[in-house]
Amino acid sequence: LGDYAYLLANQFRKKGERIHIDFVVAGNLSYTNIEYDGYKIYTLTKQTAYALFKLLEKLDSSIIHLHYVSYGYAKRGAPLWLYRGLRKWKVTRENFLITTFHELYASSQRPWTSSFWNQGLQKRICQKILSLSEQSITSREHYGKMLRKFSPSKRITILPVFSNIGEPNIIIPLQERKKQLVIFGSAPNRNYIYKKYIGKINAICEKLNLDSVIDIGPAFNHFPKLNVPIKEMGTIDSSEISNLLLESYAGLMGAYGSNCFAKSGVFAAYTSHAMLVIALETDFKKSENSLSVNQQFISAELFSVNYEEVSKLGYHWYQQHSLVKQSEIYIKIFEPYLTNNIKNIANRHG
């Protein structure tokens, strides 16, 4: 969420928008920075409604852009303190809340998990935060439908996530790239992919004549033995990741189904670099956010399609909601409230 907010703010700054932006870190209590790249950062020291309200009151702004993931603000995914603090901030004076719902609430059907027992409360808090928000943004059409069920009158904008590791200006055709497969993401997700799909990974490499796997992300133990070598890159900076993706033939998606690709930073990174995206878990019956198998990505079964064309379609899909495009949409969302914000601050200070 920090990357997402930071990159949007930078885009506003590049466009010359006269918007003063401060950051409030409310999910990570150990964060210590008070300034980053010219932005002031305020860290909430206690996750309570009162502490949040007092901090927001100190900032003297009428607009908050909340990036919401329930588990980002509470261990069990039910940050009631966040809702109560925002509600108190809103009723104190004329304030405006814009919320980007990166995720909504748990939907576990397994009674032995805590998310099963907490999903009701998570859902109510999500609904309450939506009720406080003047406008909301979310990445998936499915999430948009769920939010509209909560409140049909609320304005919901659907925006698949952008790539937080860069957007290259020049794209290399597939036939000119190195014959390597990228597996990118968190340690648990990559570990899951290797353990469950080792056979499919080998089959993909053989079918596409790939000679290596490029593994990008935090280290973990017990890499499997594939039929091709694995190059462990570890945790590297975004420019290095971007260069690797730009020169690589294909990228693997496997931590969740294809109907969730619009919210995936990994999928955004692959498509922004015009890679051939291969989905290990594909829903052939559903098409969400204008994404379809054998169009913007292919199945691990590798049907007879034009791989170069698929990579181009994925790239063009991404360009419709790139960072630049999203910043323009966000500015339009914020515009009516920015004028009121200036008036409110002027009135408070005479």
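Residues numbered from 1 in each chain as written. Predicted model: local features only at pLDDT ≥ 70, side-chain atom pairs only at ≥ 80, totals over all residues. Heavy atoms only, no water.

Comments concerning the packing of aromatic side chains
In this description, a pair of aromatic rings is defined by centroid distance and the angle of the planes.
No. 1: Evaluated as defined, the whole model comprises 17 aromatic pairs.
No. 2: Ring centres 6.4 Å apart and planes at 90° place the aromatic pair Phe12 and Phe334 in the edge-to-face group. With Phe12 in helix α1 (residues 2-14) and Phe334 in helix α11 (residues 323-348), this pair connects stretches of sequence that are 322 residues apart.
No. 3: Classification of Phe334 as buried rests on a relative accessible area of 7%.
No. 4: Considering the side-chain rings of Tyr68 and Tyr73, the 6.3 Å spacing of their centres and the 15° angle between planes classify their relative orientation as stacked.
No. 5: For Tyr68, a relative accessible area of 0% corresponds to the buried category.
No. 6: An aromatic cluster of at least three residues, connected via ring pairs, comprises Tyr6, Phe23, Tyr36 and Tyr39.
No. 7: In this structure, Arg140 is placed above the aromatic ring of Tyr143, and the distance from its NZ or CZ to the ring centre is 4.9 Å. (Phe/Tyr/Trp six-rings, centres within 6.5 Å; stacked < 30°, edge-to-face > 60°. Helix = DSSP H or I, 4+ residues; strand = E, 2+ residues; numbered from the N terminus. Buried < 20%, exposed > 50% of the residue type's maximum accessible area, 1.4 Å probe, protein only. Lys NZ or Arg CZ within 6 Å of the ring centre and 35° of its normal.)

Overview of the sheet that holds strand β2 (residues 35-36)
No. 1: On the basis of which strands lie adjacent, the open sheet formed by three strands has the order β1-β3-β2 and mixed pairing. What marks the edges here is a single partner per strand, and that holds for β1 (23-25) and β2.
No. 2: In this sheet, strand β3 (residues 39-43) lies alongside β1 in parallel orientation, the contact comprising three bridges. In the strand pairing of β3, Val25 is matched with Thr43.
No. 3: Contacting β1, β2 and β3, α1 crosses the sheet at an angle of about 150° to β3. (Pairing = 2+ DSSP bridges. Contact = heavy atoms within 4.5 Å. Axes fitted to C-alpha atoms, helices over the stretch in contact; angles between N-to-C directions.)

Focus on a positive patch on the surface
No. 1: On the surface, a cluster of positive charge is contributed by Arg84, Arg87, Arg124 and Lys128.
No. 2: Going through the elements one at a time, α4 (80-92) and α5 (114-132) are the ones with two or more residues in the positive patch.
No. 3: Position of Lys128 relative to the elements: it lies in helix α5. (Patch = residues over 30% accessible without salt bridge, like charges linked within 9 Å, V, L, I, M, F, W, Y side chains within 5 Å. Areas by Shrake-Rupley, 256 points an atom, 1.4 Å probe, with all protein chains shown as cover. Salt bridge = Lys/Arg side-chain N within 4 Å of Asp/Glu carboxyl O. Lys, Arg positive; Asp, Glu negative; His and termini not counted. Charge placed at Lys NZ, Arg CZ, Asp CG, Glu CD.)

The analysis is restricted to geometry; functional conclusions fall outside its scope.
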